[in-house]
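Here are the chains, one letter per residue:
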Amino acid sequence: MLTFVLAGLRGRWASFVGGFTALALGVGLVTVMGLGLSATVGADERAPVRFASSPVVVQGQDRLAVEVRRGPNTAVATAPLDRPQPVDAALLRELRARWTVTTNGPLDAVGVDGPADEVRALVRRVTGEAAGGHPAAGADRAAARNETRNEARNGARVLTGAERRAVDPEAARDARALVTLNALLGTSGGVTAFVSVFVVASTFAFAVALRRREYGLLRTAGATPGQIRRLLLTEATAVGVLASAAGCALGAWGAPRLARALVDGGVAPAWFTVTASAAGWPYHAAFWTGLAVAVAGALAASRRAGRIGPTAALREADVDADALPRGRALCGAVLLLGGLGLLVWTYATDPAELLKRKTYTTLPMPLITGVALLSPALVRPLARAVRLPERLTGATGMLVRENSAAAVRRTAAVAAPVLVTVALAGTLLGASGTVGAARAAESARQPAGAPTSLFVRDGAEALVKYGARAVSGTAAPAGLDDGSIVVTEEFERHRVGDTVEIWRTDGSGPVRLRVAGVLPRGAGGNDPLVTPANAPGVGTPRGAPERAHAAPAPGRPGGSSQTRLGLALVLGIALLYTVIALANTLLMATSARGPELASLRLAGATRAQILRTVAYEALLATALGAVLGLAVCALCLGTLGAGLAALGAPVTPSVPWAALAKTGAVCAAVAAVGAVLPAWRLTR
């Protein structure tokens, strides 16, 4: 069997080039993403810079700690302040009286040349805690909770070892960059896996359809259905092993270069690097994933090939019968209906979820897959509905339309990758632009004010940090004063006249404020409004505040440039796969049309007419794929617009027509060239 398979691979290498290339590229990209993710583990544990020579650092209050309810017990939830507060003056005097104290920059932290245990004991004593001794074993949890609470409330946190890096000026920025980097690599890896599985499975399925005559001959010669299936699976395994190995080598070469590109693009910190030999698990994960994708992609095709009968296969070898098998139709319908149901359910239960990048990246995928699986049933009526201009095409237009409608498998195989790319480009760029425009419009409508933040206990279980604005004078809405607040619908208590308990941006509080007004939840551009009296120090904010739950959060990942770079990476992957799939599909399909093209020559068609015919067929299939992709895009963006309207946000649809036009032009050019080149060779 293995000898037969290897001989077949050598004889039909052109049929496997596309699958091999797509799989090798997918494994290479997964390797790159894995190496990048492994490089971020512990990347923020770099050596401290600001107080590198001080063994101990005492940091001023940089967190707010509030007791919350966790089941029958209480716990301490913390949230980061916009900027650390200065070290307590009395504590600073005590430290200077005992040890050498280093001040490097503002007094939000100082370096202490003393034993960590003694410094910690002094801090506890000065801040009101009893010094000396260790808590009893049964009181460990309570002691740890008390220490966290008192450090946060009294402005005394003792840092040693790698923890000292927390006071470096770039520490928060680097942490935000690493969060952005992880999100980008994770999203890109997910899209890579989705598109590679799609392309590899489509390639194997189309290759099986083109080899029906071969399988019919094998069945006539006595091959059993099981042998046919094992033949295909063995071919897929051989291709998978070779492509996965090549992909791992490609990933090792590309990972350091991607790291440099991410640093240059401002996504990763300036010190971030990826070493190809840094970790072994990304290679294992990528190699075995690639092999599994190859085998899984061939599995369904092998089952179908095993059901081919000797005489039926020979009789139907050149006719597209049963282009949409029952199993494929069922899977397509389930995915399409499931994707629609998930879209509607998300809109009905939590419209704000539609605005998140992870949501609008993943929600279109079941819809895209469902439409692609059902494409053989969709392209035939669409192709027959097309009327090409007779003055441009003449009789060729009718031939193109009928050929496209009759050769459903070929038309669907060309349309499917275009569908994936157009749908991803439209939904990702369109959703990002629409959400960004809605937030910008909301922010522009709000009164001018200084950025600040405030903290609210959400129920009894969580501490929530909100971005806010401090407004005064004519910019303040009616009814807002030092004892009131204008909230959004996200607040647990959001009726006019209610009382909310807040902590200010410097951690002071709690303060009870009356609700003077309520803003719609919106797209994230509406912030609560307070007066400057409830926003101490708003003139020099350290960074843009944001919503974050109890645990410290570094910030909104990435700005507009980072978002554009991430989307460009994701869409570049999809477009590259589409180019590979189109070139491979048309190379296989047109190369198998030798007898058909010869018949056209015998019927009087010129070589130029034949080349125009195959080019128009490829362009028509590309256009049908683009139409289906735009339909998925319109559905997703329409639901997003409805979600924005439900949240009370301005709906400003942003359709990336320029990007879609460029994507369509690239697909059309590749499809035309991929069809004409083999036809030109066959008609010489």
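Everything numeric here is computed off the predicted structure, so don't read it as measured data. (Residues numbered from 1 in each chain as written. Predicted model: local features only at pLDDT ≥ 70, side-chain atom pairs only at ≥ 80, totals over all residues. Heavy atoms only, no water.)

Enquirer: How should the overall build of the protein chain be read in this particular structure?
Expert: Assigned secondary structure in the protein chain consists of 21 helices and 13 strands. Relative to its full complement of 684 residues, the protein chain shows a buried share of 48%. Approximately 30,200 Å² of the protein chain is accessible, and the part contributed by carbon and sulfur atoms is 61%. (Helix = DSSP H or I, 4+ residues; strand = E, 2+ residues; numbered from the N terminus. Buried < 20%, exposed > 50% of the residue type's maximum accessible area, 1.4 Å probe, protein only. Areas by Shrake-Rupley, 256 points an atom, 1.4 Å probe, with all protein chains shown as cover.)

Enquirer: Is there a simple way to think about the sheet that holds strand β1 (residues 56–59) in this case?
Expert: Think of a sheet as strands paired side by side through backbone hydrogen bonds, with each pair either parallel or antiparallel. Strand order in this open sheet of four strands is β4-β5-β1-β6, and the pairing throughout is antiparallel. In this open sheet, the two edge strands, each paired with only one partner strand, are β4 (101–102) and β6 (157–160). Against the sheet, helix α4 (residues 116–126) makes contact with β1, β5 (109–112) and β6, and its axis sits at roughly 170 degrees relative to β6, the strand it touches most. (Pairing = 2+ DSSP bridges. Contact = heavy atoms within 4.5 Å. Axes fitted to C-alpha atoms, helices over the stretch in contact; angles between N-to-C directions.)

Enquirer: What's the story with the packing of aromatic side chains in this structure? I'm lost.
Expert: Aromatic ring pairs are described here by two measures, namely the spacing of the ring centres and the angle between the planes. Applying the stated rule across the entire model yields two aromatic pairs. A centroid spacing of 5.1 Å and a plane angle of 90 degrees characterise the contact between phenylalanine 287 and tryptophan 288, whose relative ring orientation is edge-to-face. For phenylalanine 287, a relative accessible area of 18% translates into the label buried. Between tyrosine 466 and phenylalanine 491, the ring centres sit 4.6 Å apart and the planes meet at 25 degrees, which makes this aromatic pair stacked. Placement of the pair is tyrosine 466 in strand β8 (residues 462–470) and phenylalanine 491 in the loop between β9 (484–488) and β10 (499–503), with a sequence separation of 25 residues. For tyrosine 466, a relative accessible area of 7% corresponds to the buried category. (Phe/Tyr/Trp six-rings, centres within 6.5 Å; stacked < 30°, edge-to-face > 60°.)

Enquirer: Mind showing me how you'd approach the packing of helix α13 (residues 364–373) against helix α20 (residues 607–646) here?
Expert: Packed helix pairs are characterised by how far apart their axes lie and by the angle those axes make with each other. Across the interface, α13 lies against α20 with an axial gap of 10 Å and an inter-helix angle of 150 degrees. Compared by their axis directions, α13 and α20 come out roughly antiparallel. The handedness of the crossing between α13 and α20 comes out as right-handed. The residues of α20 that touch α13, namely those facing Pro364, Leu367, Ile368 and Val371, are Leu628, Val632, Leu635 and Cys636. In terms of residue class, the contact of α13 with α20 is built from eight nonpolar, no polar and no charged. (Parallel < 35°, antiparallel > 145°, perpendicular 65-115°, else oblique. Left-handed = near helix turned anticlockwise from the far one by under 90°. Nonpolar A, V, L, I, M, F, W, Y, C, P; charged D, E, K, R; others polar.)

Enquirer: Whenever I open this one, the environment of histidine 494 confuses me. Can you help?
Expert: Residue position: histidine 494 is located in the loop between β9 and β10. Here the alpha-carbon distance between histidine 494 and valine 518, two residues 24 residues apart in the chain, equals 6.3 Å. Other than its neighbours up to four places away in sequence, histidine 494 contacts Val487, Thr488, Glu489 and Val518. Here phenylalanine 491 takes part through its backbone oxygen, which lies 2.7 Å from a polar atom of the side chain of histidine 494. (Polar contact = N/O pair within 3.5 Å; in protein donor to acceptor, adjacent residues only side chain to side chain.)

Enquirer: Whenever I open this one, the environment of leucine 262 confuses me. Can you help?
Expert: Secondary-structure assignment places leucine 262 in helix α8 (residues 225–264). Overall, leucine 262 belongs to the buried group, its relative accessible area being 4%. Those residues in contact with leucine 262, other than ones at most four positions away along the chain, are Leu181, Leu184, Leu185, Val267, Ala268 and Leu565.

Enquirer: Before we go on, may I ask you to explain α20 in this structure?
Expert: For the α-helix, the turn length of 3.6 residues means that residues three or four positions removed from each other point alike. Between its first and last C-alpha, α20 extends 58 Å over 40 residues, near the 58 Å set by a 1.5 Å rise per residue. Glycine 648 sits one or two residues past α20 and shows a positive phi near 80 degrees. (Expected span 1.5 Å × (residues − 1).)

Enquirer: Sorry, what's going on with helix α16 (residues 395–406) here?
Expert: The terminal C-alpha atoms of α16, which comprises 12 residues, lie 17 Å apart, in line with the 16 Å expected from a rise of 1.5 Å per residue. Listing the buried residues of α16 in full gives Thr396, Gly397, Val400, Arg401, Asn403, Ser404 and Ala405.

Enquirer: Explain the pairing of strand β7 (residues 450–458) here, please?
Expert: Within a regular strand, side chains alternate between the sheet's two faces. With nine bridges joining them, β7 and β8 adopt antiparallel strand pairing. Its bridge partner being in β8, aspartate 458 is matched across the sheet by alanine 462. Joining the antiparallel neighbours β7 and β8 is a turn of three residues, in which glycine 459 adopts a positive phi near 65 degrees. Bridging between β7 and β10 involves two bridges; their strand directions are antiparallel. If you follow valine 456 over to β10, its bridge partner there is isoleucine 502.

Enquirer: What exactly am I supposed to notice about the pattern of salt bridges here?
Expert: Side chains that differ in charge, positive against negative, can pair when their charged atoms come close. Under the counting rule described, the total for this entry stands at 16 salt bridges. A salt bridge links glutamate 94 to arginine 125; its shortest N-O distance comes to 3.5 Å. On the criterion of sequence distance, the pair formed by glutamate 94 in helix α3 (residues 89–98) and arginine 125 in helix α4 is long-range, its members being 31 residues apart. With a relative accessible area of 29%, glutamate 94 lands in the partly exposed category. A single salt-bridge network, built from bridges that share partners, covers Asp62, Arg63 and Arg157. (Salt bridge = Lys/Arg side-chain N within 4 Å of Asp/Glu carboxyl O.)

Enquirer: Teacher, can you tell me more about a nonpolar patch on the surface here?
Expert: Residues Leu630, Val655 and Trp657 make up a contiguous nonpolar surface patch of about 290 Å² in total accessible area. Within the secondary structure layout, tryptophan 657 lies in helix α21 (residues 657–682). (Patch = residues over 30% accessible without salt bridge, like charges linked within 9 Å, V, L, I, M, F, W, Y side chains within 5 Å.)

Enquirer: Mind showing me how you'd approach the packing of α13 against helix α17 (residues 408–445) here?
Expert: The geometry of α13 relative to α17 is characterised by a closest axis approach of 10 Å and an angle of 155 degrees between their N-to-C directions. Here α13 is positioned roughly antiparallel relative to α17, judged by the angle of their axes. In the crossing of α13 with α17, the sense of the turn from one axis to the other is right-handed. On the side of α13, the interface is formed by Pro364, Ile368, Val371 and Ala372, while α17 contributes Ala416, Leu419, Val420, Ala423, Leu424 and Thr427. Of the residues assigned to the contact of α13 with α17, the class counts are nine nonpolar, one polar and no charged.

Enquirer: How should I be thinking about the pairing of β1 in this particular structure?
Expert: The alternating pattern of β1 places Val56 and Val58 on one face and Val57 and Gln59 on the opposite face, and all of these are buried. Sheet topology note: the β1/β5 ladder contains four bridges and is antiparallel. When the bridges of β5 are listed, glutamine 59 appears paired with alanine 109.

Enquirer: Is there a simple way to explain the confidence of the model for the protein chain in this structure?
Expert: With 85% of its residues at a pLDDT of 70 or more, the protein chain shows a mean pLDDT of 79. Across residues 129–141 the pLDDT falls below 50, and counting only partners more than four positions away or on other chains, this stretch makes six contacts in the model. A low-confidence stretch, residues 540–559 stays under pLDDT 50, and its non-local contacts, those more than four residues away or across chains, total 52 contacts. (pLDDT = per-residue confidence, 0-100.)

Enquirer: What am I meant to see in the state of the cysteines here?
Expert: Covalent bonding between the sulfur atoms of two cysteines is what defines a disulfide. Per the stated rule, a full pass over the model turns up zero disulfides. Note on cysteine 633: no disulfide assigned, nearest cysteine sulfur contributed by cysteine 636 at a separation of 7.3 Å. (Disulfide = S-S within 2.5 Å.)

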